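Inside the fold
Okay, here's what each chain looks like letter by letter:
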There are 2 protein chains.
Amino acid sequence: MEKDPTYFGVKEIARRANVSIATVDRVIHNRTGVSEKTKKRINEIIKELDYQPNILASRLASKNIIILAVLIPRVSEETDFWSAPLHGVQRAETEIKPYGIQTITFFFDLNDENSFETQANLILEKGVNGVLLSPSFIAQSIRFTEECRRLKIPFVFIDSNIPQQHSLAYIGPHLFKSGYLGAKLLTYRKGEEGKILVVNISKEIENYNYLQIEEGFRSYLKENHLNFEIIRADINETDYLSVARNLTQVFTKNEDIEAIFVTNSRVFSVATFLENKHKKEIALVGYDFLKENIQHLNTGTIDFLICHKPEEQAYRAMMVLYHTLVRGQQVEKTQYMPIDIITRENQEFYQILPI
Amino acid sequence: MEKDPTYFGVKEIARRANVSIATVDRVIHNRTGVSEKTKKRINEIIKELDYQPNILASRLASKNIIILAVLIPRVSEETDFWSAPLHGVQRAETEIKPYGIQTITFFFDLNDENSFETQANLILEKGVNGVLLSPSFIAQSIRFTEECRRLKIPFVFIDSNIPQQHSLAYIGPHLFKSGYLGAKLLTYRKGEEGKILVVNISKEIENYNYLQIEEGFRSYLKENHLNFEIIRADINETDYLSVARNLTQVFTKNEDIEAIFVTNSRVFSVATFLENKHKKEIALVGYDFLKENIQHLNTGTIDFLICHKPEEQAYRAMMVLYHTLVRGQQVEKTQYMPIDIITRENQEFYQILPI
DNA sequence: ATTAAAATCGGGTACGTACCCGCAATATAC
DNA sequence: GTATATTGCGGGTACGTACCCGATTTTAAT
């Protein structure tokens, strides 16, 4: 079989420009040592031939290896949400490893701001070429990314964003629209009467996310003139007992709650509560494809789960770094993930497919 | 920066086995000319070092180029559904082109069985190494794929499947479950009364798909003891006038239709009809992320669209061929796509993201 | 034992790019 | 003018694997 005859490489460029391959290489990589005249001549030929470097050969010959750092929460017993992004990181890792790219993953504790800081400092010491991070702690993330900017290390946010921080990209959900959709799903077959309960279960972190989601949620109701009374429950402890105690209080005060929206993945706690109290007829919508949540989806306690492709977020973030650092390509700065709707009927197909 | 010191290549294997690189190469590629003894020795070292060939170097050195054929319907004025798979093919194409893989795309006319046969024959004449096809015409597809099997050309089905045909893989929806979900969405907030209309608009092709979807649809209603009367409308012409004429008849006979399920992407015709007749309060669910359908989703005539990631189907199918032919890897034989639910609220994020 | 054939193997080049080393030409200093 | 930087450029090797071309050894045939 023959090679593609329409492909021209540096050799052909050098031949046409009457220079050596080395000179062409210098022009391509913007290195010094070429006169303006020949540089111009070579650039014209490059443009004329629409030269596309052969990445295989390029990466094979290059000895410049690239190190990427990943900074995400550790997978905890409380929730295995972060196992999905970790999987995405690993998928990208195996894919780009032959290109001379190494990955080091740093985990922090979602209940401990200091662990974030510690790990972030380790990254800075290490001297990496690019960073993928989940900015779970706003202040610490800002400090860290400012330092990255100073050191000219590109970084990508996943899961939630800090705008104005000059990240290379944000890859994650549009939280406002996600809450907006949540309201639609929750009220889609609801009657005119009855209250709505919005539950936020978290240890005071990720508040910013929560606010955007609730804003979108309320916005939907307002735009559609749905004047349900909205009760709020802020639960700062994530263990089941605290959740149950809190909800019991809410229910004694409000008997006619017809629908519950949980703003994050801890919806399974609420589902367990409803099952224990035999209140399964209440509509329940929450977030994320976790084992526990799927169970309650299958028993019918949870009506809908909303999900933002956590695996793909991380995978794409890695590829964004790869394309920037290795290929020098421009990337989309804001990449909103699809807002997926998971029900009992389609949940079995919402997994990571192997090739 | 230094190279990964944990990586060992053929050179190291050759050194340890006291043979030349060429001999190691012969063992790796199962070529003849190596005594059993040295072959065994080399294989042991390969296993011991967990040797992973460097694909970059491998594909760079290899002159064996691989040709993939794609056989899908032409994008027509009637519907641009197939532009999504085409896009997926092209995305995969640019990604694997540097690996020495060429793609030739053949289009057939969904209204003309013969065009399928003609294009299929062109592929066989051409002598390609792998085929991606949509088996829109069952009989012709069987004939073609049998011939592929005889010639030992692997092939992958997308969009719909022909089981028992020994394809390398099927990548597409689980149609039964898709119809099942359709019934859930259609009846989710429906009252106890009123009839359901199931509409199939197509020129008698793809019947097999339709049947599976309808089966799933009815199955949901049955399992949930929803005893609505179901009307059926089979419309064999795809132009709007034919659809409108047909639906008018159905509506004169049945005044109390409360919900309509369209089994394919032509749901926009039904939506137009409902808008013209001022019957927008009827629930409407159908298939596929087409411009026309999204318009009606946004006006509220269509309530839900179901979608099976057509772009990714084609992309994955290409990668399956790549992994099989280039990497010699085993692949998953049946890859069901997620069954995505598109509403007015999340539709804007359901597009193909650029890196 | 001699010769032919077959089996087994090594040397070496190529793939397209990166990049080191060093030579020539030109510019600058005195 | 000569001596010294500086600039511009080419030769050549390396990356890890594929594969051609032959050389050597072993086996089979006579």
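Rules used in this analysis
- Residues numbered from 1 in each chain as written.
- Chains lettered and ligands numbered in written order.
- Predicted model: local features only at pLDDT ≥ 70, side-chain atom pairs only at ≥ 80, totals over all residues.
- Heavy atoms only, no water.
- Domains from an automatic or database assignment.
- Contact = heavy atoms within 4.5 Å.
- Buried area = accessible area lost by both parts, 1.4 Å probe.
- Salt bridge = Lys/Arg side-chain N within 4 Å of Asp/Glu carboxyl O.
- Nonpolar A, V, L, I, M, F, W, Y, C, P; charged D, E, K, R; others polar.
- Near = heavy atom within 4 Å.
- Polar contact = N/O pair within 3.5 Å; in protein donor to acceptor, adjacent residues only side chain to side chain.
- Helix = DSSP H or I, 4+ residues; strand = E, 2+ residues; numbered from the N terminus.
- Core = buried A, V, L, I, M, F, W, Y, C linked by side-chain atoms within 4.5 Å.
- Buried < 20%, exposed > 50% of the residue type's maximum accessible area, 1.4 Å probe, protein only.
- Axes fitted to C-alpha atoms, helices over the stretch in contact; angles between N-to-C directions.
- Parallel < 35°, antiparallel > 145°, perpendicular 65-115°, else oblique.
- Pairing = 2+ DSSP bridges.
- Patch = residues over 30% accessible without salt bridge, like charges linked within 9 Å, V, L, I, M, F, W, Y side chains within 5 Å.
- Areas by Shrake-Rupley, 256 points an atom, 1.4 Å probe, with all protein chains shown as cover.
- Lys, Arg positive; Asp, Glu negative; His and termini not counted.
- Charge placed at Lys NZ, Arg CZ, Asp CG, Glu CD.
- Least-squares fit on C-alpha atoms with pLDDT ≥ 70 in both.
- UniProt positions renumbered as here; feature names shortened; annotations may be inferred.

The name given to chain A in an unreviewed UniProt entry is Substrate-binding domain-containing protein, with Dyadobacter frigoris as the source organism.

We now examine the domain arrangement of chain A. Residues and elements named next belong to chain A. Under the domain assignment used here, chain A contains domain 1 (5–53), domain 2 (65–172 + 310–337) and domain 3 (175–307). At the interface, 14 residues of domain 2 touch 14 residues of domain 3. Buried area between domain 2 and domain 3, both sides added, is near 1100 Å², and the carbon and sulfur share of it is 50%. Looking at the side of domain 2 facing domain 3, the largest losses of area belong to Glu 78, Asp 80 and Phe 81, adding up to 35% of the total buried there. Our count for the domain 2 to domain 3 interface comes out at one salt bridge. For the side of domain 2 that touches domain 3, the class distribution of residues is six nonpolar, five polar and three charged.

The immediate surroundings of DNA strand D are formed by 27 residues, with Ser 20 and Thr 23 of chain A together with His 29, Arg 31 and Tyr 51 of chain B found nearest. Within 4 Å of the protein, atoms of DNA strand D come from sugar and phosphate in 65% of cases. In this structure, Leu 60 of chain A approaches DNA strand D through a main-chain N or O atom, which is 3.5 Å from a base oxygen. Here Ser 58 of chain B contributes a side-chain N or O atom positioned 3.1 Å from a phosphate oxygen of DNA strand D. Those elements that provide at least two residues to the surface near DNA strand D are helix 2 (21–28) and helix 4 (55–61) of chain A together with helix 1 (10–17), helix 2 (21–28) and helix 4 (55–61) of chain B.

What follows deals with the nonpolar core. Formed by 104 residues in total, the largest nonpolar core has its most connected members in Val 131 of chain A together with Val 131 of chain B. Core analysis: the next-biggest nonpolar cluster, separate from the first, contains 50 residues, Tyr 188 of chain A together with Phe 217, Ile 306 and Ile 341 of chain B among them.

On to the packing of helix 2 of chain A against helix 3 (residues 36–49) of chain A, then. Residues and elements named next belong to chain A. Relative to each other, helix 2 and helix 3 sit at 80 degrees, their axes nearing to 10 Å. Relative to helix 3, helix 2 is oriented roughly perpendicular. Listed contacts from helix 3 to Thr 23, Val 24, Val 27 and Ile 28 of helix 2 are Lys 39, Ile 42, Asn 43 and Ile 46.

All names here are of chain A. Mapping Val 10 onto the fold places it in helix 1 (residues 10–17). Residue class for Val 10 comes out partly exposed when judged on its relative accessible area of 25%. With 111 residues separating them in the primary sequence, Val 10 and Asn 121 have C-alpha atoms 42 Å apart. In this structure Val 10 touches Ile 21, Val 24, Ile 28 and Tyr 51, once residues within four positions along its chain are discounted.

Turning to the protein's contact with DNA strand C, a few remarks are in order. Neighbouring residues of DNA strand C: 27 residues in total, closest Asp 25, His 29, Arg 31 and Tyr 51 of chain A together with Ser 20 of chain B. Take the atoms of DNA strand C that sit within 4 Å of the protein: sugar and phosphate atoms are 67% of them. Ser 20 of chain B has a polar backbone atom sitting 2.6 Å from a phosphate oxygen of DNA strand C. Within the side chain of Arg 26 of chain B, an N or O atom sits 2.9 Å from a base nitrogen of DNA strand C. At the level of elements, helix 1, helix 2 and helix 4 of chain A together with helix 2 and helix 4 of chain B are the ones that each hand at least two residues to the surface near DNA strand C. Class assignment for the residues of the surface near DNA strand C results in 12 nonpolar, 11 polar and four charged.

In this section: the sheet that holds strand 10 (residues 304–307) of chain A. Residue and element names in this part refer to chain A. Ordered in space as 7-6-8-9-10-12, the six strands form an open sheet in which the pairing is mixed. Two strands lie at the open edges of the sheet, namely strand 7 (230–235) and strand 12 (340–342), each paired on one side alone. On average, adjacent strands in this sheet sit at an angle of 20 degrees to one another, irrespective of strand direction. Judged from the three bridges that link them, strand 8 (residues 257–262) and strand 9 (residues 283–287) form a sheet pairing that is parallel. Paired with Ile 260 across the strands is Leu 284, a residue of strand 9. Against the sheet, helix 8 (residues 175–187) contacts strand 6 (195–201), strand 8, strand 9, strand 10 and strand 12, and its axis sits at roughly 160 degrees relative to strand 9.

Bringing a negative patch on the surface into the picture now. Residue and element names in this part refer to chain A. On the surface, Glu 77, Asp 109, Asp 112 and Glu 113 cluster together into a negatively charged patch. Looking at the secondary structure, you find Asp 112 in the loop between strand 2 (101–108) and helix 6 (113–126). A relative accessible area of 30% places Asp 112 in the partly exposed class.

Each copy of the chain is related to the other by a rotation around an axis and a translation along that axis. Aligned on chain A, chain B shows an RMSD of 0.2 Å; the corresponding rotation is 180 degrees and the shift along the axis is 0.1 Å. In the structure described here, the two chain copies are related by an operation that fits a two-fold rotation axis. Here 100% of the contact residues of chain B are again contact residues in chain A; the copies associate through an equivalent surface.

As a further point, take unusual backbone geometry. The residue Lys 152 of chain A is not glycine, and still its phi comes out positive at about 60 degrees. Checked against the element boundaries, Lys 152 of chain A lands in the loop between helix 7 (138–150) and strand 4 (155–158). Using a relative accessible area of 74% as the deciding quantity, one classes Lys 152 of chain A as exposed. Unlike most non-glycine residues, Gln 164 of chain B shows phi in positive territory, near 65 degrees. Using a relative accessible area of 72% as the deciding quantity, one classes Gln 164 of chain B as exposed.

Under the UniProt annotation, the feature "domain: HTH lacI-type" (unreviewed entry) is placed at residues 11–62 of chain A. Secondary structure over residues 11–62 of chain A splits into 69% helix and 0% strand, and the C-alpha atoms at its two ends are 17 Å apart.

Moving on to helix 1 of chain B. Residues and elements named next belong to chain B. What helix 1 keeps buried is the set Glu 12, Ile 13, Ala 14 and Ala 17. Buried residues in helix 1 make contact with helix 2 and helix 3 (36–49). Two residues or fewer after helix 1 comes Asn 18, characterised by a positive phi angle close to 60 degrees.

Moving on to the sheet that holds strand 2 (residues 101–108) of chain B. Residues and elements named next belong to chain B. With parallel pairing, the six strands of this open sheet are ordered in space as 2-1-3-4-5-11. Because the sheet does not close on itself, it has two edges, and the strands there are strand 2 and strand 11 (334–336). On average, each strand axis in the sheet is tilted by 15 degrees relative to the strand beside it, whichever way the strands run. Direction of pairing for strand 5 (residues 169–172) relative to strand 11: parallel, over a ladder of three bridges. Across the sheet, residue Tyr 170 finds its bridge partner in strand 11, namely Thr 334. Where helix 6 (residues 113–126) meets the sheet, its contacts fall on strand 1 (66–73), strand 2 and strand 3 (130–133), and the angle it forms with strand 2 comes to roughly 155 degrees. Running at roughly 165 degrees to strand 3, helix 7 (residues 138–150) makes contact with strand 1, strand 3 and strand 4 (155–158) of the sheet.

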